[in-house]
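Observations on the three-dimensional arrangement
Here is how the chains run, residue by residue.
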Amino acid sequence: MLLKLTNQNSERMAHCEFVANEGVCCLPHWMMQNLLLEEGGLVQVEGGNLQVATDSKFQPQSPDFPDIADPKKKLPA
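Residues numbered from 1 in each chain as written. Predicted model: local features only at pLDDT ≥ 70, side-chain atom pairs only at ≥ 80, totals over all residues. Heavy atoms only, no water.

**Digging into the nonpolar core**
- L3, L5, A14, C16, F18, L27, M31, M32, L35 and L37 together form the largest nonpolar core, which totals 10 residues.
- Those elements giving two or more residues to this core turn out to be β1 (2–7), β2 (12–17) and α1 (29–34).
- In this structure, C16 is in contact with M1, L2, L3, L5 and M31, ignoring residues within four places of it in sequence. (Core = buried A, V, L, I, M, F, W, Y, C linked by side-chain atoms within 4.5 Å. Buried < 20%, exposed > 50% of the residue type's maximum accessible area, 1.4 Å probe, protein only. Helix = DSSP H or I, 4+ residues; strand = E, 2+ residues; numbered from the N terminus. Contact = heavy atoms within 4.5 Å.)

**Considerations on the sheet that holds strand β3 (residues 44–47)**
- Taking strand neighbours across the sheet as the criterion, the three strands line up as β2-β1-β3 in an open arrangement whose pairing is antiparallel. Each of the sheet's edge strands pairs with one partner strand only, and the pair in question is β2 and β3. Within this sheet the neighbouring strands show an average axis-to-axis angle of 25°, counted without direction.
- Of the pairings in the sheet, the one linking β1 to β3 comprises four bridges and is antiparallel in character. Across the sheet, T6 pairs through a bridge with Q44, a residue of β3. (Pairing = 2+ DSSP bridges. Axes fitted to C-alpha atoms, helices over the stretch in contact; angles between N-to-C directions.)

**Examining the environment of L27**
- Summarising the element assignment, L27 is placed in the loop between β2 and α1.
- Overall, L27 belongs to the buried group, its relative accessible area being 18%.
- Residues L27 and L37, spaced 10 residues apart in sequence, show a C-alpha to C-alpha distance of 10.0 Å.

Here it is in C-alpha coordinates:
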(Lines give C-alpha, C1' and ligand atoms only; values in the text may rest on other atoms or scores of the structure.)
Protein backbone atom coordinates (compact mmCIF):
# COMPACT_ATOMS: atom_id res chain seq x y z
CA MET A 1 0.00 0.00 0.00
CA LEU A 2 1.41 3.39 -0.98
CA LEU A 3 0.90 6.06 1.67
CA LYS A 4 1.61 9.76 2.10
CA LEU A 5 2.90 10.63 5.60
CA THR A 6 2.73 14.24 6.76
CA ASN A 7 3.98 15.95 9.91
CA GLN A 8 1.50 18.81 10.04
CA ASN A 9 3.62 20.72 12.59
CA SER A 10 6.53 21.03 10.16
CA GLU A 11 4.63 20.47 6.88
CA ARG A 12 7.24 17.80 5.98
CA MET A 13 5.94 14.83 4.01
CA ALA A 14 7.15 11.55 2.57
CA HIS A 15 5.72 8.78 0.43
CA CYS A 16 6.33 5.14 1.28
CA GLU A 17 5.08 1.61 0.89
CA PHE A 18 3.77 0.44 4.21
CA VAL A 19 2.75 -2.81 5.89
CA ALA A 20 1.70 -2.98 9.55
CA ASN A 21 -1.02 -4.16 11.87
CA GLU A 22 -4.20 -2.08 11.84
CA GLY A 23 -3.95 0.99 14.06
CA VAL A 24 -0.13 0.84 14.20
CA CYS A 25 2.35 3.05 12.37
CA CYS A 26 6.00 2.00 12.77
CA LEU A 27 8.53 4.19 10.96
CA PRO A 28 12.27 3.72 10.63
CA HIS A 29 14.36 6.23 12.55
CA TRP A 30 15.71 7.86 9.35
CA MET A 31 12.15 8.54 8.16
CA MET A 32 11.18 10.04 11.52
CA GLN A 33 14.21 12.33 11.24
CA ASN A 34 13.22 13.31 7.69
CA LEU A 35 9.70 14.16 8.87
CA LEU A 36 11.06 15.95 11.99
CA LEU A 37 9.06 13.58 14.23
CA GLU A 38 9.79 12.62 17.83
CA GLU A 39 8.92 9.15 19.15
CA GLY A 40 5.19 9.13 19.87
CA GLY A 41 4.64 12.17 17.62
CA LEU A 42 1.57 12.54 15.43
CA VAL A 43 1.72 11.84 11.71
CA GLN A 44 -1.11 12.20 9.20
CA VAL A 45 -1.48 9.07 7.04
CA GLU A 46 -3.27 9.24 3.67
CA GLY A 47 -3.51 7.03 0.63
CA GLY A 48 -0.93 8.31 -1.81
CA ASN A 49 -0.46 8.48 -5.56
CA LEU A 50 2.80 9.19 -7.30
CA GLN A 51 3.23 10.08 -10.94
CA VAL A 52 5.33 7.73 -13.04
CA ALA A 53 8.89 9.02 -13.29
CA THR A 54 10.02 10.28 -16.69
CA ASP A 55 13.74 10.52 -15.90
CA SER A 56 16.23 9.98 -13.10
CA LYS A 57 19.75 11.05 -12.16
CA PHE A 58 22.32 8.80 -10.52
CA GLN A 59 25.53 9.64 -8.74
CA PRO A 60 28.33 7.04 -8.75
CA GLN A 61 29.35 5.69 -5.35
CA SER A 62 32.94 5.31 -6.47
CA PRO A 63 35.30 7.48 -8.56
CA ASP A 64 36.15 4.26 -10.49
CA PHE A 65 32.78 4.30 -12.28
CA PRO A 66 33.98 6.32 -15.33
CA ASP A 67 36.78 3.74 -15.80
CA ILE A 68 34.28 0.91 -16.48
CA ALA A 69 34.46 -0.08 -20.16
CA ASP A 70 30.67 -0.17 -20.74
CA PRO A 71 28.86 1.27 -17.66
CA LYS A 72 25.36 0.69 -19.11
CA LYS A 73 25.96 -3.07 -19.07
CA LYS A 74 26.74 -2.89 -15.32
CA LEU A 75 23.44 -1.17 -14.45
CA PRO A 76 20.35 -3.32 -13.74
CA ALA A 77 17.70 -3.35 -16.43
